Amino acid sequence: MQRWRGLEEIPQDWGRSVVTIGSYDGVHRGHQLIIGRAVERARELGVPAVVVTFDPHPSEVVRPGSHPPLLAPHHRRAELMAELGVDAVLILPFTAEFSKLSPADFIVKVLVDKLHARAVVEGPNFRFGHRAAGTVDYLTELGATYDYEVEVVDLYVTGEAGGGQPFSSTLTRRLVAEGDVTGAAEILGRPHRVEGVVVRGAQRGRELGYPTANVETLPHTAIPADGVYAGWLTADGERMPAAISVGTNPQFDGTERTVEAYAIDRVGLDLYGLHVAVDFLAYVRGQRKFASIEALLEAIGDDVKRCRDLTGAYDAAS
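The following refers to the structure shown. Source: prediction; values computed, not measured.

### A closer look at the packing of helix H5 (residues 103-112) against helix H6 (residues 136-146)
In step 1: At a minimum axis distance of 11 Å, the contact between H5 and H6 shows a crossing angle of 55 degrees. In this view, H5 runs oblique relative to H6, as classed from their interaxial angle. In this structure, H5 crosses over H6, and the sense of that crossing is right-handed. Listed contacts from H6 to Pro103, Ala104, Ile107, Val108, Leu111 and Val112 of H5 are Tyr138, Leu139, Leu142 and Tyr146.
In step 2: Among the residues forming the contact of H5 with H6, the class breakdown is 10 nonpolar, no polar and no charged.

As structure tokens, then:
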């Protein structure tokens, strides 16, 4: 899959394509309907499927300081889109200048002049251009002039997550923030993932017999509520069952919020400096301060057993 950052990286000989545009943070099951249809239409027309997205999130430029927590960094979104069959991802740097493009200019500069859109696939509430003035109806209207068709896909999906609310990135962020990683996984179609580089911490886990990977998460990452979770730690392509701790380590009066993962039953792992992924399967318990180190160790032992059982059952059912 090709990845372009900015219009200038699109090959000059790029031909017709099917395009879909959006932030697509998380590439959740609603997004997958739209992207999947764009890929399907591209195959029908015999042209590539292109996803156009933005960096940073448009809200950060329009309303500085309002950048939402991210469910997936751009490289992860690209991986997920590739799995759906997307042929190219265009990341447009979202600047103050770019935000002032009128809907008509956006269509001409991006869809017509650069991507030579044959078809555009969007959700019903898609908005674009300065002050989000562009609508699906306007996009369709200009399609007659610029020789592209528009298809609208209903991304309305519901389930148990959020009490039956429509699936969305906003709902997913809320569930993650509340520690409901099971609900978030229902929306995403996979466990919520946090990524970053393993850095040296206080190394108390090593002293207690449970060495953890202290993950320095990427900026604006959506991190689950404080607590202990079952999940997986992936490093160097190896996926390992893990007990994950999120919080300030109240047992030792910590103040810095961290994400730490203990690879269950693994000995001698050296992960310092590696970029790793932590996938959250299920909430196990909240953070708390115990009366003694012995009580803490007993709780950790119970946590590890619970996490081993949960990840084992999930893998067996997959």
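### Regarding the layout of surface pockets
In step 1: Here the largest pocket is characterised by a volume of approximately 1200 Å³.
In step 2: Around the largest pocket, the lining is made up of 39 residues, and of these Gly22, Ser23, Asn125, Phe126 and Arg127 lie nearest the centre.
In step 3: If you list the elements that add at least two residues to the lining of the largest pocket, you get helix H1 (29-45), helix H2 (58-62), helix H4 (96-99) and helix H7 (169-178).
In step 4: Taken together, the residues of the lining of the largest pocket break down into 18 nonpolar, 14 polar and 7 charged.

### Focus on the sheet that holds strand S8 (residues 213-217)
In step 1: Strand order in the closed barrel made by the 6 strands is S7-S8-S11-S10-S9-S12, with antiparallel pairing throughout. Recorded for the sheet is a direction-independent mean angle of 45 degrees between the axes of neighbouring strands.
In step 2: Across 9 bridges, the pairing between strand S9 (residues 227-235) and strand S10 (residues 238-247) is antiparallel. Within the sheet, the bridge partner assigned to Trp232 lies in S10 and is Pro241.
In step 3: Across the sheet, helix H10 (residues 293-317) touches S9, S10, strand S11 (258-263) and strand S12 (275-285), and the angle it forms with S12 is around 105 degrees.

### Brief notes about the pattern of salt bridges
In step 1: Applying the stated criterion across every chain yields a total of 20 salt bridges.
In step 2: The salt bridge partner of Arg266 is Glu238, with a shortest N-O separation of 2.5 Å. One end of the pair, Arg266, is in the loop between S11 and S12; the other, Glu238, is in strand S10, with 28 residues separating them in the sequence.
In step 3: The class of Glu238 is partly exposed, set by a relative accessible area of 37%.
In step 4: For Arg239, the salt bridge identified is with Asp315, shortest N-O distance 3.3 Å. With a gap of 76 residues between them, Arg239 in strand S10 and Asp315 in helix H10 connect regions that are remote in the sequence.
In step 5: What emerges from the salt-bridge pattern is a single network uniting Arg37, Glu40, Arg41, Glu44, Arg118, Glu149 and Glu151.

### Points about the nonpolar core
In step 1: Formed by 29 residues in total, the largest nonpolar core has its most connected members in Leu92 and Leu115.
In step 2: Among the elements that line this core, the one with the most residues is H5, at 5 residues.
In step 3: Sequence-distant contacts of Leu115, defined by excluding residues within four places in its chain, comprise Trp4, Ile10, Trp14, Gly15, Arg16, Ser17, Val19, Val50, Val52, Leu90 and Val110.
In step 4: Counting 20 residues, the second largest nonpolar core, distinct from the first, contains Ala213, Val215, Leu233 and Ala261.

### Some words on H6
In step 1: By the burial criterion, the buried members of H6 are Val136, Leu139, Leu142 and Gly143. In an axial view of H6, the angular spread of the buried residues amounts to 125 degrees, which keeps them on one side of the axis. In H6, the exposed positions angled more than 90 degrees off the buried face are occupied by Asp137, Glu141, Ala144 and Thr145.
In step 2: The first or second residue beyond H6 is Asp147, which carries a positive phi of 65 degrees.

Calculation criteria
- Residues numbered from 1 in each chain as written.
- Predicted model: local features only at pLDDT ≥ 70, side-chain atom pairs only at ≥ 80, totals over all residues.
- Heavy atoms only, no water.
- Axes fitted to C-alpha atoms, helices over the stretch in contact; angles between N-to-C directions.
- Helix = DSSP H or I, 4+ residues; strand = E, 2+ residues; numbered from the N terminus.
- Parallel < 35°, antiparallel > 145°, perpendicular 65-115°, else oblique.
- Left-handed = near helix turned anticlockwise from the far one by under 90°.
- Contact = heavy atoms within 4.5 Å.
- Nonpolar A, V, L, I, M, F, W, Y, C, P; charged D, E, K, R; others polar.
- 1 Å grid on protein atoms, 1.4 Å probe; cavity = no way out; pocket = protein on both sides within 12 Å on 5 of 7 lines; lining within 4 Å.
- Points joined across faces, edges and corners; volume = space filled by probe spheres on them.
- Pairing = 2+ DSSP bridges.
- Salt bridge = Lys/Arg side-chain N within 4 Å of Asp/Glu carboxyl O.
- Buried < 20%, exposed > 50% of the residue type's maximum accessible area, 1.4 Å probe, protein only.
- Core = buried A, V, L, I, M, F, W, Y, C linked by side-chain atoms within 4.5 Å.
- Arc of directions from axis to C-beta.

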